[in-house]
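# Coordinates in review
So the chains spell out like this:
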Amino acid sequence: MTTANLRPLTACVPACILLAVLAPVLAGLIGAVLPATGWFPPLGGQRLSVVPLTAFLAEPGLARSVLLSIFTALTATALSYLLAMGLLAVLVGTGAAGRLVRLISPLLSVPHITIAVGFLFLLQPSGWLTRLISPWATGWDRPPLLNLVPDEAGWALIIGMVAKEVPFLLLMGLSAASQIDARRLLDEARLLGRGPLAAWALVVQPQLGRRLVLPVMIVLVFSVSVVDMALVLAPLTPAPLAVRILAWFRDPDLSFQFIAAVGALAQIGLAGLCCLVWAAAAHIWARAVRSVCARGWRLSVPYRMARAGHALLLAASVLPCLLAALGLASSLIWAFADIWRFPDALPTRWGLRGWALGGDGLVRAAVTSASLGLSAAAVSVLAALLWLETTTTARRTEGLMYLPLLIPQIAFLFGLQILLIWLGMDGRLVTLLWVHVVFVFPYVLLSLGPSWRRFDVRFADVAATLGAGPFARFWRVKLPILLIPLLTAFAVGFAVSQALYLPTIFASNGRVATLTTEAVTLAAGAGRQTLGAASALQMALPLMVFLGADFISRLRFRRFSWFRV
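Residues numbered from 1 in each chain as written. Predicted model: local features only at pLDDT ≥ 70, side-chain atom pairs only at ≥ 80, totals over all residues. Heavy atoms only, no water.

### Side note on helix H21 (residues 483-499)
In this model H21 runs 25 Å from its N-terminal to its C-terminal C-alpha over 17 residues, within 8% of the 24 Å that 1.5 Å per residue would give. Across the 17 residues that make up H21, a large majority, 13, are buried. (Helix = DSSP H or I, 4+ residues; strand = E, 2+ residues; numbered from the N terminus. Expected span 1.5 Å × (residues − 1). Buried < 20%, exposed > 50% of the residue type's maximum accessible area, 1.4 Å probe, protein only.)

See the structure below:
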């Protein structure tokens, strides 16, 4: 088949991928809007009505739920952004940046619920942190009566989200800093008499901020609608709005489905409001920076004060990640603890009691998670390759691919689930795989796209002069050179699939259990040993995939070690 014969086929590929990603989102939004108006015959709603809206507004504690969602989302996103910017300001251009990224990168592969469980094991009154300082420093020989996790203001949830999002924004920031040559900008600003932090805040950060709009908005929308972490770390009386929507949806009384539909639309409005607040704050900051530059202020500080500021910034940025690492270590200890009484710092008897109690349920959940994650990552990588190879001139539509990440999951998954039940497609593995791909594909595209588009076409041109056809150039030249970003995108896709909670709950209608859904269930009241075993499996699966990807790339790349991608 010639290139001319393939042209109509390649023209259809982007449209098919776009339809496969956006159709569930649009169908889900329609499925949420109709019940919110009162008209939805499958649920018994026969006419348009404002009753769902009035019932939603009459729910007790609604205002506090909304304010709690806004406060935790904006605070967590702002802290994550500021700490990531602080780390970048201190580390860009130094060798320490690479070492720190390697240290905190494992936090990226761990699901959100695993981080939340780790914080629970670490910070609750009988947690590992209290055990480490008791009784020699506190005098406590019993767990103190303190309301630490979850707390009423949601600070535990905020710290948990910061620990998870700082590594993500840091990696995105490093990639963006390489695009604007931040090192050269810093040197030029210092030549004009500005200090290191002032040079970063006034010269580099404004340019970096424009390139980080999409990652920050993804973090903000996720934070305002997070459910799995909130079920563990946020207060439940009342809970954040997204948690209450899930509770209304699960209520056996069908009238609550209409209230949940109104709540889903309110969640979209809440996400939009948070984005507007963020955009307004960014606009004010930009005007302040322009004003400072126009007045010629240097904002220089004494050398010792600057060094102290660097140390303080570094400590504040690393602290949430350090707490998360201690929490994960605590989960691992609980996974192999048979007897661990308070206030002992370590178990008095080690064993596999938690694994025995989890039994076949954990094994089945692990097998399902692994097979689902591998399948979703493979399909997403294949779709990303097709998209990147066929959309060299159609990149304007690529922004639509990130729509599933910019709309709160609970908002359209609720409607999608109703639609799947109506069509008789809920609970099927194929449906679950499709919904996972909808969320995995944007991350794979975000990871693979920049490397793929920077490919030096001269390698393919040389192969063409030697008689290689289009397929041979792709298979024997391009793929081997881009093997590392390809395997990295696959591992990222697997990790994203492991972390999906709401998509699994809604698409499977509760019939398919993964490690994430099991961990949320176990966190509600199971033994710590079993919960620790589930968390250990959640850490192990993505780690194995990342190590496997690294092993394959090292093994394969020995033949192409002269290439630098």
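### Describing unusual backbone geometry
Following threonine 237, the chain continues to proline 238 via a peptide bond in cis, the omega torsion being -5 degrees. Relative to the elements of secondary structure, proline 238 occurs in the loop between helix H11 (228-233) and helix H12 (241-250). Of the consecutive residues phenylalanine 342 and proline 343, the connecting peptide bond is found in the cis state with omega at 5 degrees. In this structure, asparagine 509 takes a positive phi of about 55 degrees despite not being glycine. Following the sequence through the fold, asparagine 509 ends up in the loop between helix H22 (502-508) and helix H23 (515-523). Residue asparagine 509 is classed as partly exposed on the basis of its relative accessible area, which comes to 31%.

### Here's the deal with a nonpolar patch on the surface
Residues Leu332, Phe336, Leu346, Trp350 and Leu352 make up a contiguous nonpolar surface patch of roughly 490 Å² in combined accessible area. Considering the arrangement of structural elements, one finds leucine 352 in the loop between strand E4 (349-350) and helix H15 (353-390). Relative accessible area serves as the criterion here: at 53%, leucine 352 is assigned to the exposed category. (Patch = residues over 30% accessible without salt bridge, like charges linked within 9 Å, V, L, I, M, F, W, Y side chains within 5 Å. Areas by Shrake-Rupley, 256 points an atom, 1.4 Å probe, with all protein chains shown as cover. Salt bridge = Lys/Arg side-chain N within 4 Å of Asp/Glu carboxyl O.)

### Some thoughts on the packing of aromatic side chains
The relative placement of two aromatic rings is captured by the distance of their centres and the angle of their planes. By the definition in use, this model includes 11 aromatic pairs. Ring plane angle 80 degrees and centroid distance 5.8 Å describe the contact between phenylalanine 56 and tryptophan 248, whose orientation is recorded as edge-to-face. Of the two residues, phenylalanine 56 sits in helix H2 (residues 51-57) while tryptophan 248 sits in helix H12, which places them 192 residues apart along the sequence. The class for phenylalanine 56 is buried, based on a relative accessible area of 6%. Geometrically, the ring pair formed by phenylalanine 336 and tryptophan 355 is tilted, given 5.6 Å between the ring centres and 35 degrees between the ring planes. With phenylalanine 336 in the loop between helix H14 (303-335) and strand E3 (337-339) and tryptophan 355 in helix H15, the pair connects residues that are 19 residues apart, well separated along the chain. Overall, the relative accessible area of 33% leaves phenylalanine 336 in the partly exposed class. Three or more aromatic residues joined by ring pairs make a cluster, and in this case those are Phe121, Trp334 and Trp340. Stacked on the ring of tryptophan 340, the Lys or Arg arginine 131 has its end atom at 4.7 Å from the ring centre. (Phe/Tyr/Trp six-rings, centres within 6.5 Å; stacked < 30°, edge-to-face > 60°. Lys NZ or Arg CZ within 6 Å of the ring centre and 35° of its normal.)

Purely geometric numbers; function is a separate question.
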